[in-house]
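For reference, the chains in residue letters:
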Amino acid sequence: VESSIPEHMREAWRKYSPSGFTTKDQFETEIVRHIETTLARSLFNCDELAAYSGTALAFRDRLIMDWNKTQQRQTFADQKRIYYLSLEFLMGRALDNAMLNVGLKNVAKEGLADLGFRIEDVINQEHDAALGNGGLGRLAACFLDSMASLNYPAWGYGLRYRYGIFKQEIENGYQVEIPDYWLDFNPWEFARHDVTVDVQFYGWVNKYTDDEGKQIVSWQDGEIVTAVAYDVPVPGYGTPTVNNLRLWSSKASSGEFDFSKFNSGEYESAVADQQRAETISAVLYPNDNLERGKELRLKQQYFWCAASLFDIVRRFKKTNRKWSEFPDQVAIQLNDTHPTLAVVELQRILVDKEGLEWQTAWDIVTKTFSYTNHTVLPEALEKWSVPLIQNLLPRHLQIIYEINLSFLQTVERRFPKDRELLGRVSLIEESQPKTVRMAYLAIVGSHKVNGVAELHSDLIKTTIFKDFVRIYGPDKFINVTNGITPRRWLHQANPRLSELIASKLGSYEFLKDLTLLNKLEPFVDDKEFKKEWAEIKYANKVRLAQHILKTTGVSVNPKALFDVQVKRIHEYKRQQLNVFGVIHRYLAIKSLSSEERKKLAPRVTIFGGKAAPGYWMAKTIIHLINKVGEVINNDPDVGDLLKVIFLEDYNVSKAEIIIPASDISEHISTAGTEASGTSNMKFVLNGGLIIGTLDGANIEITREIGEQNVFLFGNLSEDVEDLRHNHFYGDYQVDPELQKVFDLIKSGKFGDEGSFGALIGAITEHGDYYLVSDDFNSYTKTQDLIDETFKNQDEWVTKCITSVARMGFFTSDRCINEYADTIWNIEPLDVAEEKQVRART
Ligand code: GLG
């Protein structure tokens, strides 16, 4: 059936096509209409949540119009598209961002005020879209923002989890996990019940020769699960481009629903089958930098890859191009190894379904894919058990073996005598059971592999992927240093700072070209400007202090130095080093006379972050922080000199309050372990300084903003290996000041010392893998330097302004342009002919 309106009737259609609100009165008409009809509420029961819903629906209408146009324009232009495959998209809230991009926030503000609502309260009603764990998922969200803002024809593909990352509560100092059911009311997604893909699992492979003598491979039987598309509009800033994020949801396929069971009265077991299918997209695995090899996770990965690839291929086939043109039309970025099965799936489609020769197909595959590595931590590298894949995806296992065979043959030809090399680079690890090394498969299946900061990209070339650099040459391995979107992480999170900057630079152009910030540098001598700058930081700290009081009951002094460490709790990120430093500071305070104490700089140390539910050591760290807080916050000797806060349920929307309020933030991972870090960039961009190790993007931040503006400490990554070796084979001594900290913990000061035995033992007994003791002295000395520097507020503000002025490099726009030029080979789609001039905030 033809689904288009006939040509001669389109005029009538266009006449009635909505144009959306632009004035305050029109906005009020829209919001009231939505509340009364779409939501079936009235002026007698309109709470803030209803006001949020109405506002969201009104802005959504505006977005959808641009979204439809963008999709049409991209179809007509038929340029190469980039498909970003990520198991995580940590989007946070959408309304404020939609307002910024549509450009009518002030209209909404006044309209809501007419109806008795404050826009901030309305915005705060929104539930975060928390489909991610940490940096990897948030990076994907920043990338979507930049791809849309730069007019790249881009799609995100992910899973629509019913439960995002759990909500964290702290009970008696312990983390408790609460399920995050976030879909109750989500105006930002569109169920496309007409866009479905049937995905096959299990079954067996039938190989035979057909009548014409052709080898046929068919994957038979097994079970079918249907993927349903849910589309989320991704608006760009300062452009009408609205891209699409497509999230797949699983349901039993209608063919699969067992009607015989149904008819024979086994209704419940038929429904149970249905539910089993739905579990595939039910929950986000809550591990950051850790892979557990669970079957359901593999199912998620294949389900998502198969649905996405089918969709991409379907779109390509509509253009009637030759298969050889596929890589000219399609670029697919693998966000970590999670989507690596997509490589195998495309090879399967091309060979088994489309009948291409193996090598022809493989050339297309490798030209299409590229892979981003996000970690060198061995426990995070995916290895799937061969028997597991054999059972779930029998045809894919065969293809993996064939890819491996031809890869190893090439290696053998190039390095004929090196048998050990073959064993080392084989996609199959000869372990018990055998496993597939997914990172190696991703490398072999891609034309480019990138790390996410300079040090990290160097490290992967010299350690985990060293052999592959020998095999493919160095050009295949590149660096693209991470970035963040200044729209959310400056303008939305810190509107007053953004406004102050705009007042000096003459416009908000810097939100599109962040390098313009360098024009701020001359103002470091402008007294009035510095005063306003400091006032804004203070106001942000007051706002955070209010949040702390409301959520923890602890009152903190906003004049104190705010020291923040917010990120996933992980031993390699070393929150334990921070809390040991806090105890060290506490001991120092206690040892002083009340006169001497008056000279000290007051400090509030703030922690936030989730521990993976099964990561016992990380949970112990949270427990210790809370216990230390209880003691210190209630010690009358300490007063305002030191407060220790653990903020519950750190997430994107809380980050937007916390980050602008920081004076110092901590990025103190053991050198060589944090691939990049991205919150380091967010803190500096918001006028906070950082204390950090020479790790990840800290190094490049230092290079950009100048060594005098960063508090660096600790051992270098090139020395880590030797130090670790010495812990076992040298004569090892714990730092004496750290020992005093341990003694205080062991005395039971912070409750049952047994609870913290493992945390101390990891350092004193088990080799101190993360070098906490080695770096302790350097860390506390650097903290002392921070205290001294903070006393001179004028100098401090100068450092902050200078740093912000030099942060232009770290926009995700720069990052996406690098991917586009060096990896994807795609061009932005020119939207100039449809210039839509709008009032921007
Ligand atoms: C990783 C790394 C971070 C990195 C982020 C984005 O641990 O250092 O900044 O990806 O590349 N698993 C992660 O969060």
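Because the structure is predicted, anything quoted here is derived from the model rather than measured.

Student: I would appreciate a short explanation of the overall build of the protein in the present structure.
Tutor: Along the protein, the regular secondary structure elements total 34 helices and 24 strands. Relative to its length of 841 residues, the protein is compact, with a C-alpha radius of gyration of 28 Å against a globular reference of 28 Å. When the backbone C-alpha atoms are referred to their principal axes, the protein occupies close to 95 × 75 × 60 Å. Within the protein, buried positions represent 59% of all 841 residues. Of the contacts formed within the protein by residues at least 6 apart in sequence, a portion of 77% connects residues at least 24 apart. Split by element, the accessible area of the protein, about 34300 Å² in all, is 51% carbon and sulfur. Once the 97 positive and 118 negative side-chain charges of the protein are each reduced to a mean point, those two points are 2 Å apart.

Student: So what exactly am I meant to see when it comes to the packing of aromatic side chains here?
Tutor: In this description, a pair of aromatic rings is defined by centroid distance and the angle of the planes. Tallying each qualifying case throughout the model produces 32 aromatic pairs. Relative to W248, the ring of Y157 lies with its centre 6.2 Å away and its plane at 5 degrees, an arrangement referred to as stacked. Of this pair, Y157 sits in strand β4 (residues 154-159) while W248 is found in strand β11 (residues 242-252), placing the two residues 91 residues apart along the sequence. Neither residue differs from the other here; Y157 and W248 are each classed as buried. Through pairs of rings, three or more aromatic residues link up here, namely Y83, W155, Y157 and W248.

Student: Any chance you could explain the pairing of strand β5 (residues 167-171) here in plain terms?
Tutor: On a regular strand, each side chain points to the face opposite its neighbour's, so the side chains alternate between the two faces of the sheet. Residues of β5 alternate between two faces, with Q168 and I170 buried on one and K167, E169 and E171 left unburied on the opposite face. Across 5 bridges, β5 lies against strand β6 (residues 174-178) in antiparallel orientation. From the neighbouring strand, E169 faces β6, where its bridge partner is V176.

Student: When you look at the site of the ligand in this model, what are you seeing that I'm missing?
Tutor: Near the ligand, the surroundings consist of 13 residues, among which N289, H374, N482, E674 and G677 are the closest. In the environment of the ligand, an oxygen atom lies 3.3 Å from a nitrogen or oxygen atom belonging to the side chain of Y572. Look at the ligand: alone it shows 340 Å² of surface, and the protein chains cover 95% of it. When the residues that make up the shell around the ligand are grouped by side-chain class, the tally is 5 nonpolar, 6 polar and 2 charged.

Student: Help me out: how do you make sense of the packing of helix α23 (residues 575-591) against helix α32 (residues 772-791) in this one?
Tutor: Geometrically, a packed helix pair is captured by the angle between its two axes and the distance between the axes. The contact between α23 and α32 brings their axes to 10 Å, and the two run at 60 degrees. Accordingly, the angle class assigned to the pair α23 and α32 is oblique. By crossing handedness, the relation of α23 to α32 is classed as right-handed. For the pair α23 and α32, contact is made by Q576, L577, N578, F580, G581, H584 and R585 and by V772, F776, Y779, T780, Q783 and D787, respectively. For the contact of α23 with α32, the residue count by class is 5 nonpolar, 6 polar and 2 charged.

Student: How should the confidence of the model for the protein be read in this particular structure?
Tutor: It should be kept in mind that the predicted coordinates are not to be read in detail where pLDDT is low. On average, residues of the protein score 96 in pLDDT, and 98% of them are at 70 or above. Scored below 50 in pLDDT, residues 835-841 shows 22 contacts in the model against residues more than four places distant or in partner chains.

Student: Any chance you could explain helix α15 (residues 394-414) here in plain terms?
Tutor: For an α-helix, the turn length of 3.6 residues means that residues three or four places apart are oriented alike. Counted at 1.5 Å a residue, the expected span for α15 with its 21 residues is 30 Å, and the 31 Å between its end C-alpha atoms agrees. Every buried residue of α15 is listed here: P394, R395, H396, L397, I399, I400, I403, N404, F407, L408 and V411.

Cut-offs used in this document
Residues numbered from 1 in each chain as written. Predicted model: local features only at pLDDT ≥ 70, side-chain atom pairs only at ≥ 80, totals over all residues. Heavy atoms only, no water. Helix = DSSP H or I, 4+ residues; strand = E, 2+ residues; numbered from the N terminus. Rg over C-alpha atoms; globule rule 2.2 N^0.38 Å. Buried < 20%, exposed > 50% of the residue type's maximum accessible area, 1.4 Å probe, protein only. Contact = heavy atoms within 4.5 Å. Areas by Shrake-Rupley, 256 points an atom, 1.4 Å probe, with all protein chains shown as cover. Lys, Arg positive; Asp, Glu negative; His and termini not counted. Charge placed at Lys NZ, Arg CZ, Asp CG, Glu CD. Phe/Tyr/Trp six-rings, centres within 6.5 Å; stacked < 30°, edge-to-face > 60°. Pairing = 2+ DSSP bridges. Near = heavy atom within 4 Å. Polar contact = N/O pair within 3.5 Å; in protein donor to acceptor, adjacent residues only side chain to side chain. Nonpolar A, V, L, I, M, F, W, Y, C, P; charged D, E, K, R; others polar. Axes fitted to C-alpha atoms, helices over the stretch in contact; angles between N-to-C directions. Parallel < 35°, antiparallel > 145°, perpendicular 65-115°, else oblique. Left-handed = near helix turned anticlockwise from the far one by under 90°. pLDDT = per-residue confidence, 0-100. Expected span 1.5 Å × (residues − 1).

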